[in-house]
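Each chain is listed here by its residues.
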Amino acid sequence: MKERIALLIIITFLVAFLIVFQNYFNTMWAVIFLICFMFLYTIYMWIVTKYRKRKLRKNPPIVNYNYRPFVSILVPCHNEHEVIEKTALNIMKLDYPSFEIILVDDRSEDDTAQIIKNLEKKYEKITALIRPKDAVAGKSAVLNDAMKIAKGDAILVFDADAKIEPDFLNLMIPKLEPVDVGAVQAQKVIINAKQNFLTQCQFNEYILDSHLQIGRDAVRGAVELRGNGELIKRQALININGWNEETIVDDLDMSTRLHIKGWDIRFCPEAKVYEEGVITFSALIKQRRRWVEGSIRRYLEYAGKVFTSKDMSLRVGFDLIAYITEFLLPFWLIAEIFIQAFHFIKGDENCVLSSAIVVASTGIFFACCFIYSLKKYANLKFGQAFWQAIVTSIYFLTIWFPIAMFIIFKIIFTKKTMDWGKTQHGVAVVESEVAL
């Protein structure tokens, strides 16, 4: 109910603002302000990122090789018989002195439990945790149970289909050392990008996300955890009372709570975790619906704490607020179109041109971000990056805008449900060119 009321207030305020602004002001100024804001914030992140790289080249960070905390690696498994053994054996190849692997069977209906029991017997570093059939559902509950037996001062979480390089922890651990750092996120990469159109778009989407995460990390903004490949200090976990079992997005929820408590989250693009992209449209919609709903709900739940936290830095708070507008943007654009259509039908003066400019500018902005990120981080030529940017921008409009609108209305008019929309692993074709 609290989330519903908060969202209704935000939507009402947004619509009222649009109506009042259009009736009493020239909306072209709002368009100019929006475009300038997006442009300046992007340029700011770009400049800081460039400056930071140049500074690190001149003065490389000194790695403290004495900081080698024992790491507990947690891998939740629900019906993962297709992938879990390969994943466990891949993690075993880590070039790191002290770690354990806890494979957690979460009420599987296949032979996942037996597979991880066999791995436990065969390898000293592996522990199998079998949850009872009446255990609380959800990834957060799984991780909280695993924490009860975990020995590490640092906790590393992988999905059951994760694939990594042996130097993964050696790249991640130095970023976790500073006192104010609570967690580090690795770069996620889709391993089956060439399988079909959807997996290619997801690959591009992840590249853009990495570009934005790098920018946020450079300005010490609100870097977020992504569930797969997240490394967290035990001290930070204790400080926020572990994972929230009432959320459907454990990673995003934890990110916000860490920021509220003043913990910094860093991004490590050098450490990559490869995962499967979903290969069907229905699976993609199910997955993204959960991500959007969970993300919006966590902002509604923690909005008061975000604005009143004494521990959160101003940079993180500003970055969080800027990020929230990403989910309000679809509603704003659609509301703008309806308001202008209403004026047009009544024969009033309208600002259809400014609305069109808003929509076009937003599309061009995201397309440019895609082109830049694909050229820089996927090493594509301009022509390839341009084409992929156009295609993926259309994918974004087709997928994210309708889902965001649907979730907004769902939160307002329906009861909250704990539908995790589990992603099926082991059905993707693995890219042969990715060496692991």
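Residues numbered from 1 in each chain as written. Predicted model: local features only at pLDDT ≥ 70, side-chain atom pairs only at ≥ 80, totals over all residues. Heavy atoms only, no water.

Caption draft 1: Just the state of the cysteines, in detail. Here the structure, examined in full by the defined rule, presents zero disulfides. Free cysteine C368: the closest other cysteine sulfur is in C369, separated by 7.1 Å. Classification of C368 by relative accessible area gives partly exposed; the value is 44%. (Disulfide = S-S within 2.5 Å. Buried < 20%, exposed > 50% of the residue type's maximum accessible area, 1.4 Å probe, protein only.)

Caption draft 2: Region of the structure containing the packing of aromatic side chains. Counted by the stated rule, this structure contains five aromatic pairs. Three or more aromatic residues joined by ring pairs make a cluster, and in this case those are F370, Y395, F396 and W400. One Lys or Arg, K125, reaches over the ring of F99 and ends 4.3 Å from the middle of that ring. Here the basic side chain of R298 rests over the ring of Y299, its NZ or CZ set 4.0 Å away from the ring centre. (Phe/Tyr/Trp six-rings, centres within 6.5 Å; stacked < 30°, edge-to-face > 60°. Lys NZ or Arg CZ within 6 Å of the ring centre and 35° of its normal.)

Caption draft 3: Focus on the pairing of strand β8 (residues 264-275). Burial runs high along β8: 10 of the 12 residues are buried. Alignment of strand β5 (residues 163-164) against β8, held across two bridges, turns out to be antiparallel. The residue bridging K163 from the neighbouring strand is Y274, located in β8. In terms of strand pairing, strand β6 (residues 181-190) meets β8 through nine bridges, oriented parallel. Opposite A183, over in β8, you have I265 as the bridge partner. (Helix = DSSP H or I, 4+ residues; strand = E, 2+ residues; numbered from the N terminus. Pairing = 2+ DSSP bridges.)

Caption draft 4: Molecular detail of the pattern of salt bridges. By the definition in use, this model includes 18 salt bridges. Of the charged contacts, one joins D159 and K139 as a salt bridge, the two residues approaching to 3.1 Å between their closest N and O atoms. Within this pair, whereas D159 is found in the loop between β4 (154-157) and β5, its partner K139 is found in helix α5 (residues 139-147), the two being separated by 20 residues in sequence. For the pair D159 and K139, a shared accessibility class is recorded, and that class is buried. When the shortest N-O distance is used, the salt bridge between D180 and R220 registers 3.8 Å. Here D180 is found in the loop between α6 (168-176) and β6, whereas its partner R220 is found in the loop between α7 (197-218) and β7 (230-233), with 40 residues between them in sequence. In the salt-bridge network here, residues are joined through shared partners; they are D106, R107, R131, D145 and K148. (Salt bridge = Lys/Arg side-chain N within 4 Å of Asp/Glu carboxyl O.)

Caption draft 5: Spotlight on the sheet that holds strand β3 (residues 126-130). Within the open sheet, the eight strands sit side by side as β3-β2-β1-β4-β7-β6-β8-β5. Their pairing is mixed. The open sheet is flanked by β3 and β5, the only strands paired with a single partner. Of the strands in this sheet, β1 (71-77), β2 (99-105), β3 and β5 touch helix α3 (residues 84-92), which is tilted by about 170° from β2. (Contact = heavy atoms within 4.5 Å. Axes fitted to C-alpha atoms, helices over the stretch in contact; angles between N-to-C directions.)

Caption draft 6: Local environment of the packing of helix α9 (residues 250-260) against helix α10 (residues 281-308). Viewed as axis vectors pointing N to C, α9 and α10 meet at an angle of 20°, and their least axial separation amounts to 9 Å. Compared by their axis directions, α9 and α10 come out roughly parallel. When you trace α9 past α10, the crossing you get is right-handed. Every residue of α10 that contacts α9 at L252, D253, T256, R257 and I260 is listed here: W291, S295, R298, E301, Y302, K305 and V306. For the contact of α9 with α10, the per-class residue count stands at five nonpolar, two polar and five charged. (Parallel < 35°, antiparallel > 145°, perpendicular 65-115°, else oblique. Left-handed = near helix turned anticlockwise from the far one by under 90°. Nonpolar A, V, L, I, M, F, W, Y, C, P; charged D, E, K, R; others polar.)

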